[in-house]
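Residue strings, one per chain:
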Amino acid sequence: MDLDPDALGLPAGPRSPLYGPGEEDPLDDLRRRTAAGSGGGIRIAGVRGTEGSTALDQMIDQSAGFRVLRVRAVAAEQEIPCALLHLLCAELLDHCAFLSAAHLATLQAAFGLIDEPRPSVGAVAPAVLALLGGIAEVQPVCVAVDDAHWLDEPSAEVLAFVASHSAGRALMIVIAGSHTPRLDPFGQVPAMHLRPVGHGELRGQLRAVVPGLVDDAVAERMLAESGENLCALVEALQGHTAAELAGGFAIPRPRRVRSCSHEGHCSAVVGHLTPMSRRLLLAAAADPTGDVLLFERMAAELGADRDTLVAAQVVEVGDRVVFACPDLRSVSYHSAAPAERRLIHRMLAESTAGDPTRRLWHLGLAADTHDDALADDLEAHADLLQPRVGAAARAAFLERAALLTSEPGVRADRALAASAAMYDDGDLPGAQRLLAIVTPESQGAVRAARRTWHRTRIETVLRPGAGSARHLLEAARRLRPLDPDDAREAYLDALLAATLAGGPTDRTLLLVTATEARATAGEHRRRPADQLLFGLATRVLDGYTRSVAPLRAAIAAFQEPSLDLGTARWLGLAGLLAAEVWDSQAWRDLTQRPAPTGRDPRRDSLLSRISQGARSHDTGIAELVAAAALHNATGRYDLAVEAACGAARSEYPGFTGWALIELVEAAVRAGDEQLAVRATVQLAQRTTPAGGDWALGVHATAEALIAKDQKAEASYREAIERLGRTGLPDRLARAELLYGEWLRRRNRRTEARAQLRAASRHFGEVGADAFVQRARRELLATAENTRQQPDKGQRQLTPQETQVASLARAGLSNAEIAAQLFISPRTVEYHLYKAFPKLGVRSRAGLQPLRDLGGQAGTRAGS
């Protein structure tokens, strides 16, 4: 299910505009003209650090009602005449009865579909224009060409012709690519110059797309290697593990080599270097931080000249040592012999004595045989690592410790611990790989039972269902007499899997699992995870009301300041259960607590955080709840009903109440009052026993939705009062939005505006853009102009924004402001981009009438 995470406030970094502050969007202007029947062409003039592909993505997202034909040119086809035209037009020929026989024959010959001489560009261009123009008579057409610098010459000339002759047609041609001679035919096509993306913005994007911790030095090196290009950064991230990002604790993975800006492939570039230069390049590849001083020390020890690598354009040496092409790092590492790699890691270890963690890691990679003392050090260091760099780095150290261990039993224990850490971090292939180290001769009864449990957990994620739940139950039964502590955790896995299986035919399995689980937990409830097991089993066997007290006791145990690693792995589930029993304080405490994987939960919205506990079981329920919320936000209520019903049926902890809230609203809006009433009754069965402002506030919201007039208003007011005390701005905002809509429909516009403004502000605080837009649409319906009404969290200028805006108003250029404030011109531009919408202006000229910039933002926004 494809969802827009921004619409629900899921994690996102700052977005970069496609054009400079105060400028109009030429793509939007072209799109409007094309929809009105007078199209044209535009060339997105990309420079290093800009995002042509991202511009196309955003443009396409906003092209509702268009038929979008998106194609990407590739380097391998740049010498094949009409290669891209064939890709673009071949399938369209099956629906072109409007084409003249001559034009059809021309295109068929150009694409090699008939045995005729290849026609000239002068003949092909009008035929392509006729084909696309004919399709545009039925529906506006957008042709989007990515990586246009790889276009074959005839395709470039034809597309330039079509772009220049699209006026009077509902046809737009958008070309994105770095300028090369192959784009010369587009010289007469209007160009849109993208502004470079600032370093701070890219750092924000990196935080947004990486779920766990990122080492500062590793992040700076990756940002530099991406050329400050967001697309390159995202592509580079796909080749890195969480452990590598958290601190560089991973071996560079082999990557498929692509053509790059150098002549030939990366392997050929490395092959042309001298042996000493290759070794220095290997050292740079083995150091994930790009430390310049370390690089220079290695150059001196190897007797290699760093300038040779710079002159060969394989690395750049500035604040960091960065590879000119991301593939070169992997190629230079894996093209070296194993003995050579071990030598370099040993030298790196000696040169990083001031960093014991990184030194130990390099020593582990330098070892070529069993080394039990080193393995002991790696294992001891692993547990110290997790609080600082997360479960992935801990798993990497444990894996290396296992491989260096000579005694089979100890080796197996370390492999099992590493596998469990990788499972917790979501690295299922890594977890499976490590289980292979636990050989039959090293197992014994306890290790064999643990291996079965770990293998079954992984298989359950890959293939959830009743069968997997049964296997987990069998694993728990096998562990029970051998290792009671692990057995209780295995029962917890089995109970969750059986709950997820959830069909009527699987009810017996769920009851059996819950019965055994509660008996096991009842014998021993000292650990927080055991209390979770007891509370969840009670929920299945005795119902929701009887489970509230034991679940709250378990949640309280997880709020203790220090938790061992075994307990910490269940923090996500504890957070889900805080939502299950409507404990807003515990919910805030648990979801703002650093997770065992190193993830910073403060970056997540309420809904995305509630989903984290279910991610390890790949339930899909979080996606259903997210879909229901998004559909409610955008007015697709039938789809919201469908998604909410699916989520509510699951009974997975933490999601049923949330799904019922969405279901009530969706059913009311879809006109199914009986379904809305039934959902409200089900919701009451959970909110009444739980009590508290969160539970009773959402129940009052549901009651208001199904109630009539005066009773509805009283319920809305109760909901807003209660939810205002919970510290959950998104739940409060939903009540304010619904009340504001209710007031507007009764023509009480002034009162409606107050509620809708508050809702818009609160939704803005959590980044729920789709609901912000819904609130603003309602405000427009009250005859309020919302165009210049930023959210409260966005109105206030920061001190730096105030300084920059004041100097810009005084007439200073970006360079002059940068020199005065000791910042870069790019940073000046970024601050202006952030300040303009807060001030309600579009350009520097709009700053002139403003006097007090510090207070002007709030004044403009609230006027």
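Because the structure is predicted, anything quoted here is derived from the model rather than measured.

The next point concerns the overall build of the protein. The number of helices and strands found in the protein is 45 helices and seven strands. Considering only intrachain contacts with a sequence separation of at least 6, the fraction spanning at least 24 residues in the protein is 68%. For the protein, the exposed surface amounts to about 36200 Å²; the carbon and sulfur share of it is 50%.

The contact between helix 26 (residues 528-542) and helix 29 (residues 571-580) brings their axes to 12 Å, and the two run at 45 degrees. By the angle between their axes, helix 26 is oblique relative to helix 29. Judged by the twist between their axes, the crossing of helix 26 over helix 29 is left-handed. Facing Leu 532, Leu 536 and Arg 539 of helix 26, the residues of helix 29 in contact are Leu 573, Ala 574, Leu 577 and Glu 580. For the contact of helix 26 with helix 29, the per-class residue count stands at five nonpolar, no polar and two charged.

For the rest of this paragraph, the subject is the environment of Ala 529. Structurally, Ala 529 can be placed in helix 26. By relative accessible area, which is 5% here, Ala 529 ends up buried. C-alpha separation for the pair Ala 529 and Gly 566, spaced 37 residues apart in sequence, amounts to 8.5 Å. Every residue in contact with Ala 529, bar those within four places of it in the chain, is listed here: Leu 492, Phe 558 and Trp 570.

Another point: the pairing of strand 4 (residues 171-178). For strand 4, the buried fraction is high: seven of the eight residues fall into the buried class. Of the strand pairs in this sheet, strand 3 (residues 141-146) and strand 4 are connected by five bridges, and their pairing is parallel. By the bridge assignment for strand 4, Ala 144 is matched with Val 174. Between the parallel pair strand 3 and strand 4, the chain is carried across by helix 6 (residues 153-164), and the sense of this crossover is right-handed.

Our focus in this paragraph is the nonpolar core. Among the nonpolar cores identified, the biggest contains 111 residues, and Leu 573 and Trp 582 are the most heavily contacted of them. At nine residues, helix 24 (residues 484-501) tops the list of elements feeding residues into this core. Residues Cys 89, Val 158, Ile 173 and Val 189 belong to the second largest nonpolar core, which totals 42 residues.

Topologically, Glu 399 is positioned in helix 19 (residues 391-403). Separated by 2.8 Å, the side chains of Glu 399 and Arg 433 make a polar contact. Discounting chain neighbours no more than four positions away, the residues touching Glu 399 are Ala 418, Met 422, Arg 433 and Leu 434.

In this section: the confidence of the model for the protein. Confidence along the protein averages 80 in pLDDT terms, with 78% of residues attaining 70 or more. Taken together, the stretch residues 607-618 has pLDDT below 50 and engages in 39 contacts with residues farther than four places along the chain or on a different chain.

Mapping His 345 onto the fold places it in helix 16 (residues 338-351). Separated by 22 residues in the primary sequence, His 345 and Ala 367 place their C-alpha atoms 9.0 Å from one another. Residues in contact with His 345, not counting those within four places in the same chain, are Ala 286, Tyr 333, His 362, Leu 365 and Ala 366.

What follows concerns unusual backbone geometry. The phi torsion of most residues other than glycine is negative, and most of the peptide bonds are trans. Despite not being glycine, Cys 82 has its phi angle at roughly 65 degrees, a positive value. Residue class for Cys 82 comes out buried when judged on its relative accessible area of 7%. The backbone phi angle of Gln 313 is positive, close to 60 degrees, even though this residue is not glycine. Mapped onto the fold, Gln 313 is located in the loop between helix 14 (306-311) and strand 6 (315-317). Gln 313 gets classed as exposed once you look at its relative accessible area, which sits at 53%.

Quick look at the packing of aromatic side chains now. Throughout the structure, instances matching the rule amount to eight aromatic pairs. The interplanar angle of 55 degrees and the centroid separation of 6.2 Å between the aromatic rings of Trp 587 and Trp 694 together place this pair among those described as tilted. Remark: Trp 694 occurs in helix 36 (residues 692-706) and Trp 587 occurs in helix 30 (residues 584-591); sequence separation between them is 107 residues. The class for Trp 587 is buried, based on a relative accessible area of 1%. According to the relative accessible area criterion, Trp 694 is buried, its value standing at 3%. Ring centres 5.0 Å apart and planes at 20 degrees place the aromatic pair Phe 763 and Phe 771 in the stacked group. Here a set of aromatic residues connected by ring pairs shows up, and it is made of Trp 582, Trp 587 and Trp 694. Above the face of the Trp 453 ring, Arg 457 is positioned so that its terminal group lies 4.9 Å from the ring centre.

Bringing the environment of Arg 478 into the picture now. Of note, Arg 478 is situated in helix 23 (residues 466-479). Remark: the alpha-carbon pair of Arg 478 and Ala 445, spanning 33 residues in sequence, is separated by 9.4 Å. Contacts of Arg 478, omitting those with residues within four sequence positions, involve Ala 448, Ala 449 and Thr 452.

The next subject is the state of the cysteines. Evaluation of the coordinates by the stated rule reveals zero disulfides. Not part of a disulfide, Cys 89 finds its nearest cysteine sulfur in Cys 82, a span of 9.4 Å.

Let us look at a negative patch on the surface. Side chains of Asp 371, Asp 372, Asp 377 and Glu 407 sit close together on the surface and give a patch of like negative charge. In this structure Glu 407 comes out as partly exposed when scored by relative accessible area, which is 40%.

Okay, helix 23 next. Its 14 residues give helix 23 an end-to-end C-alpha distance of 20 Å, which sits within 8% of 20 Å, the value for a rise of 1.5 Å per residue. When we look at burial in helix 23, the residues that qualify are Ala 466, Ser 468, Ala 469, Leu 472, Leu 473, Ala 475, Ala 476 and Leu 479. On its buried face, helix 23 is in contact with helix 22 (444-462), helix 24 and helix 25 (507-522).

Quick look at the pattern of salt bridges now. Inspection of every chain in the model, using the stated rule, returns 42 salt bridges. The residue Arg 527 makes a salt bridge to Asp 530 at a minimum N-O spacing of 3.3 Å. Residue Asp 542 pairs with Arg 546 through a salt bridge whose shortest N-O separation is 4.0 Å. Exposure remark for Asp 542: the relative accessible area of 32% places this residue in the partly exposed category. What emerges from the salt-bridge pattern is a single network uniting Asp 424, Asp 485, Arg 488, Glu 489, Arg 527, Asp 530 and Arg 569.

This part covers helix 5 (residues 121-136). Taking 1.5 Å of rise per residue, 16 residues should cover 22 Å, and helix 5 covers 22 Å from first to last C-alpha, within 8% of that figure. Of the surrounding secondary structure, the elements contacted by the buried residues of helix 5 are strand 2 (67-72), helix 3 (83-89), helix 4 (101-110), strand 3, helix 6 and strand 4.

Rules and cut-offs
Residues numbered from 1 in each chain as written. Predicted model: local features only at pLDDT ≥ 70, side-chain atom pairs only at ≥ 80, totals over all residues. Heavy atoms only, no water. Helix = DSSP H or I, 4+ residues; strand = E, 2+ residues; numbered from the N terminus. Contact = heavy atoms within 4.5 Å. Areas by Shrake-Rupley, 256 points an atom, 1.4 Å probe, with all protein chains shown as cover. Axes fitted to C-alpha atoms, helices over the stretch in contact; angles between N-to-C directions. Parallel < 35°, antiparallel > 145°, perpendicular 65-115°, else oblique. Left-handed = near helix turned anticlockwise from the far one by under 90°. Nonpolar A, V, L, I, M, F, W, Y, C, P; charged D, E, K, R; others polar. Buried < 20%, exposed > 50% of the residue type's maximum accessible area, 1.4 Å probe, protein only. Pairing = 2+ DSSP bridges. Right-handed = clockwise from strand over helix to strand, strands pointing away. Core = buried A, V, L, I, M, F, W, Y, C linked by side-chain atoms within 4.5 Å. Polar contact = N/O pair within 3.5 Å; in protein donor to acceptor, adjacent residues only side chain to side chain. pLDDT = per-residue confidence, 0-100. Phe/Tyr/Trp six-rings, centres within 6.5 Å; stacked < 30°, edge-to-face > 60°. Lys NZ or Arg CZ within 6 Å of the ring centre and 35° of its normal. Disulfide = S-S within 2.5 Å. Patch = residues over 30% accessible without salt bridge, like charges linked within 9 Å, V, L, I, M, F, W, Y side chains within 5 Å. Salt bridge = Lys/Arg side-chain N within 4 Å of Asp/Glu carboxyl O. Lys, Arg positive; Asp, Glu negative; His and termini not counted. Charge placed at Lys NZ, Arg CZ, Asp CG, Glu CD. Expected span 1.5 Å × (residues − 1).

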